[in-house]
Every structure is written in structure tokens, then in C-alpha cells.
Amino acid sequence: MEEVDKILIHALRHVGTEVGEDVDSLKRFTSDLIVEAVVRCVRVIEPGLGGALPTSLPPGMSARFRVGMSLAQACQDVGYKGEIGYQTFLYSNEPEIRSLLMFLVEKLPRERAEASDQSAGKSAVLQRSIAAAIRTQLAASWVPPNCRLPLHCETQNHGALHSFHVQPLTFPHCTKTSDKKHLKGLPPCSLHFTRNACAPCSDRTGSVLSEVQDYHRDVLPPVTAQASSQASAVASILERHAAELSAAQEWDNDWKSQGLLSRLTPQEYRSRKSSRLRKRIEEQLRSAAAPSPESAFGVSRSASELTELLQTFKGSAPSAHVLTKGTHFTHAQKFTFTQEGAATSPVLAGRQSEGDAQIRQQEELSSLQQQFQQLCSEVDQLAADIKHLNVTNAQVLDELKQRELRNAEEEEKMQVKKKTADLLPDAENNLLKLQSLVEGGAKRVVNLASQWEKHRAPLIEEYRRLKEICSNKDLESNRKLSEIKSLHEKIRVSTEEAKKKEDTYKQLVTELERLPKDASRSAYTQRILEIVGNIKKQKEEITKILSDTKELQKEINNLTGKLDRTFAVTDELVFKDAKKDESVRKAYKYLAALHENCNQLIQTIEDTGTILREIRDLEEQIEAENGNKTVSNLERILDDYKAIRQENAALAAKVREG
Amino acid sequence: MELSESVQRGLQLGADRSSVDQRSFQVLVDSCFRSLLSSQGDPAVLDEPELKHVDRIQLKQIHSAATTFILEAVKQNADRSAISSSLEELTFSAERIEIFYSSYQKHKKELERLLASLGRRPAQINDVSWRLQYNTKNKQLDKVNQPFYLISLNTEGPGASEELSFTCTTEQLQDLVGKLKDAAKSLDRASQM
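Everything numeric in this text was worked out from a predicted model, so none of it was measured. (Residues numbered from 1 in each chain as written. Chains lettered and ligands numbered in written order. Predicted model: local features only at pLDDT ≥ 70, side-chain atom pairs only at ≥ 80, totals over all residues. Heavy atoms only, no water.)

**Let's talk about the overall build of chain A**
What counts, and what does not: Secondary structure elements are defined from DSSP: runs of H or I of at least 4 residues count as helices, runs of E of at least 2 residues count as strands, and each element is numbered from the N terminus. The classification of residues rests on relative accessible area computed with a 1.4 Å probe and restricted to protein chains. Under 20% of the type maximum is buried, over 50% is exposed, and intermediate values are partly exposed. Working rule for contacts: check all heavy atoms of both residues, and any pair within 4.5 Å makes them a contact. For the accessible areas, the method is Shrake-Rupley and the probe is 1.4 Å, while residue cover comes only from the protein chains on display.
Per the secondary structure count, chain A includes 18 helices and zero strands. Here chain A holds 658 residues, and 18% of them are scored as buried. The contacts of chain A with a sequence gap of at least 6 include a subset with a gap of at least 24, amounting to 55%. With the model as given, the accessible surface of chain A reaches about 50200 Å², and the carbon-plus-sulfur share is 58%.

Right under this line is the structure:
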């Protein structure tokens, strides 16, 4: 009960009721306090209802009566289902007050729940920190630049700004492989990842040349001194680290998804990928730099730029094999240059009037253009001729090859025929010889075939066995790959979960610190758990008692049944003999009396039991009624009644006078 | 905090007692912070007498890894638990973590300022001077009677300060002031989140 009272008092204090420090249970609540508490609660629950009610009882009795009635009405409007009237406030008793206050406190809107209902997502955390930072900045007042103190420097007076400029840095690599025992279990540094480290510094096996080592040891300045300014040093360090991290992550993703499937070692996979990429780049460059004559003008112009770029890479190689075809544009350039070269001389030679020179120039221009057109057409024709000739050349070569093949066949046939012609004169002998040769050949073939069979069978067995082993291994490796993939997935998922849980844990810790420390929750929870345990025990006891009672009742029923039957049987037996014998008649009388008395005894015992129960009930009722303080309330009612009578008399007198 | 492999390796070298002992560790940490905060990169920052017995290459590796670690920690505004858990994973002993963390606390503000100075920012308005002019007549109209505002904003950008001058009518000025008030209100709203 004390816990309930404490919770109620705390909630009432929260609403605004001034409950004194020494009041810690509802027994001490006076009527005024009750009225104030109820009114404030009603005001919070429904502001419309509670606005009209005063927070304290007015002195006059009828006014108090009226206030009590309106308060009771308000409570019923809010939804209280119990019996309530003016007497609950003016002549209060504890249980009613407790139930009323509990109902009202439950109805109080849960503002606290809304405040702590903050989502724990990452973006929410970020937004909250942004809001907090903005709030602190807004709180600092703006100061004109001449008066700024160093504490304003951060937010208001911004120093020199540097742009994020990055410079390549050289980091010293790890040194001899004998150092590996110091580096616990990390893989050796892979030089493919150190972007700015000089790749040519290492030879094939990955160890570092001694000259480079000496350079690193003696000459190389520390990384912060390698950049030109402090800001770019910081920027370069950060950028390099981010690049390393992202490269490692890329490699991880790539290896896990594609690399494992290809079943190569990491180095082989990497080398294969790099060679593939290089080939693709070469192909692209070649196709972009080798244009076709019918391509559009724009493409050919960019292609010519690309070829110029490639030429600068190659140095001074003029007209490389890539440029054999040339374009209209390059030809046109060549021709215009040559034309200009040819045109300058006649202009210089003749210093006549400008009009003449112009006309002549125009004539020359047109003639040269005609020439050019002619030459172009001739070139085209020649190209077409060349193509045609190439095609015929190829055809002729083909024919030649075919003829030679046929020649060889005919020669063979001729050889065979010549041999048979030679053998014809000695026909019969040769025939016999040939037959024996043929038979011998056939036997040899059969022999060889059987030997081959002998060899073939075990080899085929071997082959099949190896193939099976290979396919088994394939299955195994597939299974293991899928296992590895699932393990990777699980690792990823569990690391994500762990990170999330850590984040939420941190957040909840900060929130817990922020929450106001009111009536401690642990006391509540402990109390609740105790009560639950008690109730469980009581339930067990009740079930035990119930089962005991049932047992007893069954026994009683059994015994009464037995008793009745035995009595009936003995009654009959004795009655039969009672007619003849006197002693038997006496015995029968005694039997009947015994039965009667025992019945009475049983009856009295049962009555005693019921009466005891009634006594207990009545005692409980007495206790409950004692808590109602009815006597004091009655006295107060009598006093108030007298007061109302007096007020009425006074009012009547006033009315009569005025 | 995520660290790349080279940084982890370098830091492990720093945690190793056989290569760097306690006293040199303190000097090393101090010189790392000093090298980041000095305005001109000092090539001799690692030439302390206490560090002479450490192998030069290892020293430079530890120095580069440590500077990267410090910058990443300041960038992510790492608190004590994050830094100590990362260093514990790299086998640093508790005293070394303590030494590192106390130096980190000392220099954190300066490093934050250094990192905050990287980037771009638009210019800030420091002062306003205005002139109200009233056009009475012009060649085409006999009665114009219109006010004009000549406003000159004194802004301070990174490095230089410049004046931004413009003229506007009354409505345009009201528009501008309304927009400024909207901006202030949205900033308030953002801080209430």
C-alpha cells in the first residue's frame, strides 16, 4: 500500500498539487488536499471541465456542498465508474479516495513517454548532434570583427582557408622479410596497393632493393615534411589513407565475389585481371586511333587528335602503321599546304594591280581544285584497281593450290598402276605372294588389335576413375566455396549487428543519463516481481487446499454412504430378531438412539464450522468499516448540518428584512 | 575506427616493446603531434636523441602510421573508448594508451582547427552601409518620386574582404529582408530538432 501511495503522491506533485513533505500516505490527506489534487488532475486530463472548478473548498457549507457535487459530476464525466458524490470529498474515506486518485492518475496523459520516444537511427543521431551544434552556435552572440576574442574564433572569425590540395607522398615500405616475426600474423605488404610508392623499387620477389632501403633510411624526410604546406600534408595523409581503405575494400569485394569462384590464388587472379584490362585498353585505343575513310568528319577529327597524342608518346615516329590509311582531312591538309606553297611563288612574282592578282588567284584556285578533284578520283580508281587485283591474286593462288593437290593425287594413282603393271608378267607367283602378304598383314592387324585391347581396357578404367575423382573434387570445392560464401555473409551480418548493437548501447547509455531520476524504477520492478512470486506461491497453496478439501469431501461422502448402508442393514437384521427376543429389542433401541445422537453430533460440528466462518467474515467487515472513520464523519455531518441550518436561517432573515 | 593495413602494421611496430621502449614512446608521440601542428614541415622532427636507437625506417613507418591514426581520430571525433579499443586491438599496453590519449586530449583542439581550415566557405557579411536616394524627376517624366536604396555589404571571404554593392527598390529590399528572416527561422527550426 505504501508503494501505491508513494506513486500517487509523486504523480500528484508532478501535476502541481502542493503535497507537504511529511504526507506520505493517503491517510494523512485532508479534504482540502483531496479536492486540490482532484481538481488539478481533472484540469490536466480535460482542460475544459476543470477550468470552472476551484482548487480549494470555500468556507460556506452550501458552497462546499455545491463544489463537492460539481467535482463529483466532473469525475463522472471524465469516466470514473465507481460510486461518487459530494460525500467522497467532504467526508472522505481511504479506499474510495485511493481508487479515485488511482483512476485519475492513470488517466493523466503520458507526456513523459513522448519525450523519450526518440528513434535510435543513425540519421536521427546525426540530426540531433547537428541541432545541438547549431544551438550552441546560435547561443553565442555575434561580435563585430574588431572586438573578437579568441573564444569567438572558432565560429565567427574564420582563419585562412586552404583548399584541399593533395600531393603524392612516399611512405617507407616494410623491410626485410626477417622482420615478419615482429608483425604478428599480418600478410606481407603488397606493393600493388601502395599507390604512391614506386613500383620499380621492388624486384619480382617483392623484397626491397638495398639502394631504396638506404634512401628510405637516410634521405627520405618524414611524411609531414614531404608536402609543401601543412594543410596539404594533412590533406595528402587523409586522402592516401582513404584510398588505401577503399582499395582494400574493393579487393575484398572483388575477391569474395569473383576471385573465389575462379579458384586461382590471389596473385594469379590479380595478374590475370591486370593483363585482361591492359588488352582491353590496347584494343580500345587501337580502334579509336584507326579510323575508316567513310567515317563522319567529327570522328575523324578526334581520331586525328588521338593519333597526334599517340605520336607524342612514341616520340617522333612519323606515319606509323596506324596511320596508313589517312583521312580526307589529312589529305586535304596536305594538299592545301602544298597548294599554298605553290601559290605563294606566282603571287610574289607578279606585282600587278590587286584586281588582276585576285582574278588570277581565283583562276589558279579553280584550276588547282580541278586538278585536286581529278587526282582524288584517280586515287580512288587506283585504290579500287588495287583491291580488284588483290582479289584476283588471291583467287589465282587458291586455284594453284587446288591444282597442285590434284596433281599429287594423280601421281599417287599413277604410281600404284605402274607397280601393278610391273607385277603383271609374273602374274601367278606375284598373286600368291601378294595374297600371303595380305594374309600376313591381316594377321598382324588382328594381333595388334588384340594387344591394343589389352592395353586399352586398364587405361580406360584409369581414365574413368580419375574422371570420377575429378568430379568429386569439383563437387567438394563447390560445396566449400558456397560454405565460404555463407560464412562471409554471416561474418558481415554479425559485424553489422554488433556495430548496430554497440551504437544503440551507447545511445541508450547517454539517454539513461539524461532521463530525470524520479521514483526509482528498480524499486517498482522489484516490488512487482516480489508480488508476482507471492501470488504464485499463494496460488499453489490454494490449489493444494482445494484438492485437500475435495479429498475430504469425497471421504465424507463415502463414509456417510457406508454409514447409511450399514445402518440400514443392521436395522433390518436387528428388527427381524427384535420381534422374538427382548434383549434384541433393547439392543435395537440402543442402536437407534446411538444413530440419532451421532447424527446430532455431526450436525453440531457442521454448525460450529459455519458459525466460525461467519465470525471471520464479520470481523473482516468490522475492520473495513473501522477504516471508514464513520464516527468522525457523522460528527462532522452533524456539525455541517447545524451550520447549514444556521446559514439558511440567516438567509431567510435577510430575505425577510430586505 | 577502420584503419588500413599499412597503418595497422606501423602502429603495431610502435606497440612493440623491443623496438620502442617506454621513454622513447613518449618522445615519439610528442614528436608526432608536433610534426602535425608545426606550420612548416620540419624534416628534423624525428631527430630526437632518445629516438636514435630505433631503426630509422621503422621509426618513419611508425611516424607515418601514427600521424594517419591521429588525423583519422580527430576527423571522426573519436571518444576515449573508440581510441582505446582500436589501440588495444593493435596490442598496445594500457600505459601507452594512456600516454597517447593524454597527448591527444592536449592537442585535440588545435588539430580540429587545422582540419576545419581545409575546405571552402562562402564569404561572411560583416557590415552594411546604405544610402537612401530619392528620384524626383527625370527626362521623360516630370514627377517620379521614387526611393532607391544603395546598399553595400562588407563581406569577409577567405583572406580578402570585399564590398558587394547593389541598388534595389523598396519591394526588393522587403523581399530580401523577408528571405533573411525565413533563413533565420529555418535555422531555429533545425536547432529544435
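**So, the interface of chain B and chain A**
Rules: Should a side-chain nitrogen of Lys or Arg be within 4 Å of a carboxyl oxygen of Asp or Glu, the pair is scored as a salt bridge. Definition of a polar contact: a pair of N or O atoms within 3.5 Å, with one able to donate and the other able to accept a hydrogen when the atoms are protein atoms, and with sequence-neighbouring residues admitted only if both atoms are side-chain atoms. When residues are grouped by polarity, Ala, Val, Leu, Ile, Met, Phe, Trp, Tyr, Cys and Pro land in nonpolar, Asp, Glu, Lys and Arg in charged, and all others, Gly among them, in polar.
Contacts between chain B and chain A engage 56 residues on the former and 52 residues on the latter. Linking chain B to chain A there are zero salt bridges. Counting across the interface, chain B meets chain A through eight residue pairs in polar contact (both at pLDDT 80 or more). At the level of elements, helix 1 (5-15), helix 2 (22-37), helix 3 (56-75), helix 5 (94-116), strand 1 (124-135) and helix 6 (170-192) of chain B are the ones that each hand at least two residues to the side of chain B that touches chain A. In terms of residue class, the side of chain B that touches chain A is made up of 18 nonpolar, 23 polar and 15 charged.

**Looking at the pattern of salt bridges**
Residues and elements named next belong to chain A. The tally for this structure, following the rule as stated, stands at 20 salt bridges over all chains. Here Arg465 makes a salt bridge to Glu462, at a shortest N to O gap of 2.8 Å. Of this pair, Arg465 and Glu462 both sit in helix 15 (residues 427-514), three residues apart, which is roughly one turn of the helix. Judged by relative accessible area, Arg465 falls into the partly exposed class, the value being 44%. Under the relative-accessibility criterion, Glu462 is labelled partly exposed at 35%. One continuous salt-bridge network, built from bridges that share partners, spans Glu476, Arg479, Lys480 and Glu483.

**Overview of the sheet that holds strand 2 (residues 146-156) of chain B**
Residues and elements named next belong to chain B. The following threshold applies: At least two bridges found by DSSP between two strands are what make those strands a pair. Throughout, an axis means a line fitted to C-alpha atoms (over the contacting stretch in the case of helices), and angles, computed between N-to-C directions, take values from 0 to 180 degrees.
Spatially, 1-2-3 is the arrangement adopted by the three strands of the open sheet, whose pairing is antiparallel. Each having just a single partner strand, strand 1 and strand 3 (161-168) make up the two edges of the open sheet. Within the sheet, the average angular offset between the axes of one strand and its neighbour, ignoring direction, is 15°. The sheet contact formed by strand 1 and strand 2 spans 11 bridges and is antiparallel. Across the sheet, Asn135 pairs through a bridge with Gln146, a residue of strand 2. Strands in contact with helix 6 are strand 2 and strand 3; relative to strand 3, the strand with the most contacts, it is inclined by about 130°.

**What to know about the packing of aromatic side chains**
Residues and elements named next belong to chain A. Rules: To pair, rings of Phe, Tyr and Trp, with the six-membered ring standing in for Trp, must have centres within 6.5 Å; the planes then decide the type, stacked if under 30 degrees apart, edge-to-face if over 60, and tilted in the middle.
Applying the stated criterion to the full structure yields 10 aromatic pairs over all chains. For the ring pair Trp251 and Trp255, a centre distance of 5.6 Å and an interplane angle of 20° mean the geometry is stacked. One end of the pair, Trp251, and the other, Trp255, are both in helix 10 (residues 230-262), four residues apart, so they sit about a helical turn from each other. Side by side, Trp251 and Trp255 carry an identical accessibility label, which is buried. Taken together, the ring pairs connect Trp251, Trp255 and Tyr269 into an aromatic cluster.

**So, the nonpolar core**
Our working rule: We call a set of buried Ala, Val, Leu, Ile, Met, Phe, Trp, Tyr and Cys residues a nonpolar core when their side-chain atoms join them within 4.5 Å.
Core analysis: the largest hydrophobic core is formed by 50 residues, its most contacted members being Val234 of chain A together with Leu11, Ile70, Ile83, Phe92, Phe100 and Leu111 of chain B. Every element with two or more residues in this core is listed here: helix 10 of chain A together with helix 1, helix 2, helix 3, helix 4 (80-89) and helix 5 of chain B. With nine residues, the top contributor of residues to this core is helix 3 of chain B. In this structure Phe100 of chain B touches Val29, Phe33, Phe69, Ile70, Ile83 and Leu87 of chain B, once residues within four positions along its chain are discounted.

**Things to note about the pairing of strand 3 of chain B**
Residues and elements named next belong to chain B. Bridging between strand 2 and strand 3 involves eight bridges; their strand directions are antiparallel. Within strand 3, the residue paired with Leu153 across the bridge is Leu164. Here strand 2 hands over to strand 3 after four residues, with Gly159 in that stretch at a positive phi of 100°.

**A short note on a negative patch on the surface**
Residues and elements named next belong to chain A. The criterion, for reference: Residues form patches when they are more than 30% accessible in relative terms and have no salt bridge. Like charges link within 9 Å. Nonpolar side chains (Val, Leu, Ile, Met, Phe, Trp, Tyr) link within 5 Å. In this count, Lys and Arg are taken as positive residues and Asp and Glu as negative ones, while His and the chain termini are left out. Lys charges are placed at NZ, Arg charges at CZ, Asp charges at CG and Glu charges at CD.
Judged by side-chain charge, Glu614, Asp617, Glu619, Glu620 and Glu623 come together as a negatively charged surface patch. As for its placement among the helices and strands, Glu620 is situated in helix 17 (residues 582-627). Look at Glu620 and you get exposed, because its relative accessible area is 55%.

**Some details on a nonpolar patch on the surface**
Residue and element names in this part refer to chain B. On the surface, Ile125, Val128, Trp130 and Leu132 cluster together into a nonpolar patch covering about 440 Å² of accessible area. Mapped onto the secondary structure, Val128 falls in strand 1. For Val128, a relative accessible area of 42% translates into the label partly exposed.

**Some details on the environment of Leu33 of chain A**
Residue and element names in this part refer to chain A. In this fold, Leu33 is placed in helix 2 (residues 31-45). Remark: the alpha-carbon pair of Leu33 and Phe89, spanning 56 residues in sequence, is separated by 9.7 Å. The contact partners of Leu33, leaving out residues within four places of it in the chain, are Thr17, Glu18 and Val19.

**Notes on helix 1 of chain B**
Among the 11 residues that make up helix 1 of chain B, eight are buried, leaving the element largely enclosed by the rest of the structure. Among the structural elements, helix 10 of chain A together with helix 2, helix 3 and helix 5 of chain B are those in contact with the buried residues of helix 1 of chain B.

**A few points about unusual backbone geometry**
All names here are of chain B. The phi dihedral of Asn77 is positive, around 50°, even though this residue is not glycine. Backbone geometry places Asn145, a non-glycine residue, at a positive phi of 50°. Along the chain, the position of Asn145 falls in the loop between strand 1 and strand 2. Given the relative accessible area of 37%, Asn145 is considered partly exposed.

**Let's talk about the packing of helix 4 of chain B against helix 5 of chain B**
All names here are of chain B. Rules: For classification purposes, an angle smaller than 35 degrees is called roughly parallel, one larger than 145 roughly antiparallel, one from 65 to 115 roughly perpendicular, and anything else oblique. Handedness of a crossing follows from how the near helix is turned relative to the far one, being left-handed for an anticlockwise turn of less than a right angle and right-handed for a clockwise one.
Two elements in contact, helix 4 and helix 5, have axes separated by 10 Å at closest approach and are oriented at 140°. When the interaxial angle is binned, helix 4 and helix 5 end up oblique. As for how helix 4 packs across helix 5, the hand of that crossing is right-handed. Of helix 5, the residues touching helix 4 (which contributes Arg80, Ile83, Ser84, Leu87 and Glu88) are Ile97, Glu98, Phe100, Tyr101 and Tyr104.

**Regarding the packing of helix 1 (residues 2-15) of chain A against helix 6 (residues 94-107) of chain A**
Residues and elements named next belong to chain A. Running from N to C, helix 1 and helix 6 point in directions that differ by 50°, and their axes come no closer than 10 Å. Relative to helix 6, the element helix 1 lies oblique. The handedness of the crossing between helix 1 and helix 6 is left-handed. Contacts between helix 1 and helix 6 involve Val4, Asp5, Leu8, Ala11 and Leu12 on the former and, on the latter, Arg98, Leu101, Met102 and Val105.

**Examining the environment of Arg34 of chain B**
Residues and elements named next belong to chain B. Within the fold, Arg34 resides in helix 2. For the pair Arg34 and Val45, spaced 11 residues apart in the sequence, the C-alpha separation amounts to 7.8 Å. Residues contacting Arg34, with those up to four places away along its chain left out, are Val45 and Glu48.

**Observations regarding the side chain of Lys60 of chain B**
You can see Lys60 of chain B is positioned in helix 3. Note on Lys60 of chain B: relative accessible area 5%, which makes it buried. Among residues more than four places away in sequence, those in contact with Lys60 of chain B are Pro172, His216, Arg217, Asp218 and Leu220 of chain A together with Leu46 of chain B.

**Considering a positive patch on the surface**
A cluster of basic side chains, namely Arg272, Arg276, Lys279 and Arg280 of chain A, defines a positive patch on the protein surface. Structurally, Lys279 of chain A can be placed in helix 11 (residues 266-289).

**Brief notes about the confidence of the model for chain B**
Inclusion rule: For every residue, the predictor states its confidence as a pLDDT score lying anywhere from 0 to 100.
When the pLDDT values of chain B are averaged, the result is 86; 100% of them are 70 or greater. Reported confidences for the modelled complex are a pTM of 0.52 and an ipTM of 0.83.

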